[in-house]
Amino acid sequence: MERSKRKSTFVEKILNAPAGSIVYREPDIVLSHDNSARIRKLFEKMQGREVLYPERLVVVLDRKMTGTTDELMRDYNSIHDFMEEQQVKHFFDCDKGICHQVLAGFIRQGLIVVGSDSHTCTAGAFNCFAVGLNKTETAFLWKKGKMWFRVPETVKITLSGKLRPGVYAKDLALWVMGMLKEENVNYQSIEYHGEGVNFLSIADRMTIANVSAEMGVKNSVFPPDDLLADYLGDYAVLGVWADENACYKKELHINLEKVFPLVMTPFPENEIKGVGEVGEITIQEGLIGACSSGRIEDLRVVARLLRGKRLAPGFQLSVVPASREIYIQAIKEGLIDAIVKAGASVLGSSCGPCLGSSHMLGAETKRFISTTNSHSMRHMTDVGVEKYIASPATVAMTALRGKLDVEIAYPENVFEYWTVPIEAITIGTGEDRKNRNIWNYADIDHIAAEQLFPEKRTYKIPIECAEAMRPYLLAGLDGTFASRVQAGDIILAGEDFGRGRLIKHAAIGLVESGIAAVIVKSVDRSFYRMAVNCGLWIIIAPQILEAYRVGDQITLNLEEAVVKVNEKPYSLPEEDPVFIEMVRKKGLLQLS
């Protein structure tokens, strides 16, 4: 079907290509924060001298407000000098707020927004295609102005009804996350539809879009509507949206009137349950705010619940407004006064608490409850602290009682979705998975990056020593791989390939060993971009795996985007010539 006649999803429209295609596009906004100092070093390593489009850069120093180190001060000085040298107009120093909230002050609908932070996806609330990239990609964008994207398939979620009193956007975000754990949504886009969207404020939409990074999806996006037009000061509804009857990977429905307060249990299980299911466990410390739930609407809820009351004895509650403007507005409305008089501490607007700075765990803290999603808080598990995630209202009520509690308890409190624990599968002794040049693991889902290369070895082998990585490749999956792998070999794998902690050595080692391609049913979002940027060709093609039988021959043609199983050709979606060159040259850095 001609592209002009084909019914398209939001992301197919904004990237102007069908799902599965790999395109090369110019983002409208390139966001970065304190890691801009390291991005500058990478930019200069690429022989970059002048940022191609300085007007597209948005740089916000938002990581730490206290406890600065000499290294951080040097980074800040480097960033300040570079911003002045490159005449970057949208530069915000460390007293303005968290980058995702600062960005909301001048964003427009229908843009391509990228950033060197996983929670860049928050801008999907503004009808933008918003995704996180890594530092190397951001440096490449500073120099070249363009980046490759794989156009994701899309899941349509239709919302009906309205959230009940005592149920908030964070509860809905956790509901969606829990529901999607039963689906294979790796690297897919989420579109929110239905009349239920009309009852979600822009702050609500930001909270929901913000959690996309933890869902494993590529992005989430809301439609342009009157509410967004009013927020942006437009006289008419502008933006981009999917065609009616567009083709979706999946279509799901949520009745907002059925949603109830939820909580996510500690890492690594991260099970989502109704608060009532978990029970009245004792909790010693809490955090409300930051980029997930630090907007003025959230602070109003917290102040309303805390006003005229005192926190439970010994409970430590910290509140982080998402920006300086929100902090000032909260002072004007008397919200800060109510929060502080209840016994809570209000911190500066930064990402410090999520990263473990600007905030200290109490010596007696065994359980911690927070509104923040950040994986950076996993370190709590290492020191024996259980972290729970919930809405600002649930955290505030818990702070008042010292036990997990909600504002309004509903009789239905058992969350219907649950996740089957993933157990790592290893190839048994005497089992040979290699035939011809094919390593066939197509029947194995959830192969973790840790199985591809042991994390403990990353501390001993420098990233530059690729040859030294070879003996440990696939050590956690197939003990025979490292000694038998040859240049030109192909790996077949199932769903969710490369999941878990991001291990760059895995991709670099496979490239060094000569792996021609990895063909998968689906792949972890972060691993995919990292691996491809290292020059590892990952092909998402379940139809090829379904057709393959042991003994078949697979031939690859990168330039023609064709894979043959025996003599039967399978055409791959469009691949931009720049992408092809990147794979051929073994990595993004080789294009710079």
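Here the structure is shown first, and the text comes after it.
Residues numbered from 1 in each chain as written. Predicted model: local features only at pLDDT ≥ 70, side-chain atom pairs only at ≥ 80, totals over all residues. Heavy atoms only, no water.

**Q** Where do I start with the layout of surface pockets in this structure?
**A** Computed from the structure, the second largest pocket encloses a volume of approximately 520 Å³. Contributing to the lining of the second largest pocket are 21 residues, with Gln101, Ala104, Gly105, Ser323 and Glu325 lying nearest its centre. Among the secondary structure elements, those contributing two or more residues to the lining of the second largest pocket are α4 (99-103), α7 (202-210), α9 (226-232), α12 (296-306) and α13 (324-332). Ranked by the residues each element gives to the lining of the second largest pocket, the list is headed by α13, at four residues. Grouping the constituent residues of the lining of the second largest pocket by class yields twelve nonpolar, four polar and five charged. (1 Å grid on protein atoms, 1.4 Å probe; cavity = no way out; pocket = protein on both sides within 12 Å on 5 of 7 lines; lining within 4 Å. Points joined across faces, edges and corners; volume = space filled by probe spheres on them. Helix = DSSP H or I, 4+ residues; strand = E, 2+ residues; numbered from the N terminus. Nonpolar A, V, L, I, M, F, W, Y, C, P; charged D, E, K, R; others polar.)

**Q** Looking at this structure, I do not really get unusual backbone geometry. What am I missing?
**A** Backbone geometry follows two general trends: most residues other than glycine have a negative phi, and most peptide bonds adopt the trans configuration. A positive phi angle, near 55 degrees, is found at Asn16, a position not held by glycine. You can see Asn16 is positioned in the loop between α1 (10-15) and β1 (22-25). What makes Asn16 partly exposed here is its relative accessible area of 44%. (Buried < 20%, exposed > 50% of the residue type's maximum accessible area, 1.4 Å probe, protein only.)

**Q** Help me understand the sheet that holds strand β2 (residues 29-32) in this model?
**A** The sheet built from five strands is open, its strands ordered β4-β3-β2-β5-β6 with parallel pairing. Two strands in the sheet have a free side with no partner beyond their single neighbour: β4 (90-92) and β6 (129-132). Neighbouring strand axes in the sheet, compared pairwise and without regard to direction, differ in orientation by 15 degrees on average. The strands touched by helix α5 (residues 135-144) are β2, β3 (57-60) and β5 (112-115); relative to β2, the strand with the most contacts, the crossing angle is about 135 degrees. (Pairing = 2+ DSSP bridges. Axes fitted to C-alpha atoms, helices over the stretch in contact; angles between N-to-C directions. Contact = heavy atoms within 4.5 Å.)

**Q** How should I be thinking about empty space enclosed by the protein in this particular structure?
**A** A full pass over the atoms with the stated rule returns four cavities of 30 Å³ or more. In this structure, the largest cavity spans a volume of roughly 110 Å³. No other element matches strand β23 (residues 538-540), which puts three residues into the lining of the largest cavity. Of the residues contributing to the lining of the largest cavity, the split by class is nine nonpolar, one polar and two charged. One number sums up the size of the second largest cavity: a volume of about 50 Å³.

**Q** Mind showing me how you'd approach the environment of Ser483 here?
**A** Its place among the elements puts Ser483 in helix α20 (residues 481-484). Separated by twelve residues in sequence, Ser483 and Pro471 have C-alpha atoms that sit 7.0 Å apart.

**Q** Sorry, what's going on with the pattern of salt bridges here?
**A** One side chain can pair with another of opposite charge once the charged atoms of both are near each other. For the structure on display, the rule yields 22 salt bridges. A salt bridge links Glu153 to Arg150; its shortest N-O distance comes to 3.1 Å. With a relative accessible area of 5%, Arg150 lands in the buried category. Between Lys341 and Asp337 there is a salt bridge whose closest N-O contact spans 3.3 Å. On the criterion of helical spacing, the pair formed by Lys341 and Asp337 is a turn pair, its members being four residues apart in helix α14 (residues 335-341). Here the salt bridges do not stand alone but share partners, grouping Glu280, Arg401 and Asp405 into one network. (Salt bridge = Lys/Arg side-chain N within 4 Å of Asp/Glu carboxyl O.)

**Q** I'm lost on the nonpolar core in this one. Help?
**A** Most often, soluble globular proteins keep nonpolar side chains buried together rather than apart. Residues Tyr441, Phe481, Ile519, Phe527 and Ile538 are the most contacted members of the largest nonpolar core, which totals 102 residues. Among all residues touching Phe527, those that are not within four sequence positions of it are Ala449, Leu452, Phe497, Gly498, Leu502, Ile503, Ala506 and Ile538. (Core = buried A, V, L, I, M, F, W, Y, C linked by side-chain atoms within 4.5 Å.)

**Q** Could you clarify how one ought to interpret the environment of Leu52 in this entry?
**A** Within the secondary structure, Leu52 sits in the loop between α2 (36-45) and β3. Considering only alpha carbons, one finds Leu52 and Gln87, 35 residues apart in sequence, at a separation of 11 Å. Excluding residues within four positions of it along the chain, Leu52 makes contact with Trp142, Lys143, Lys144 and Gly145.

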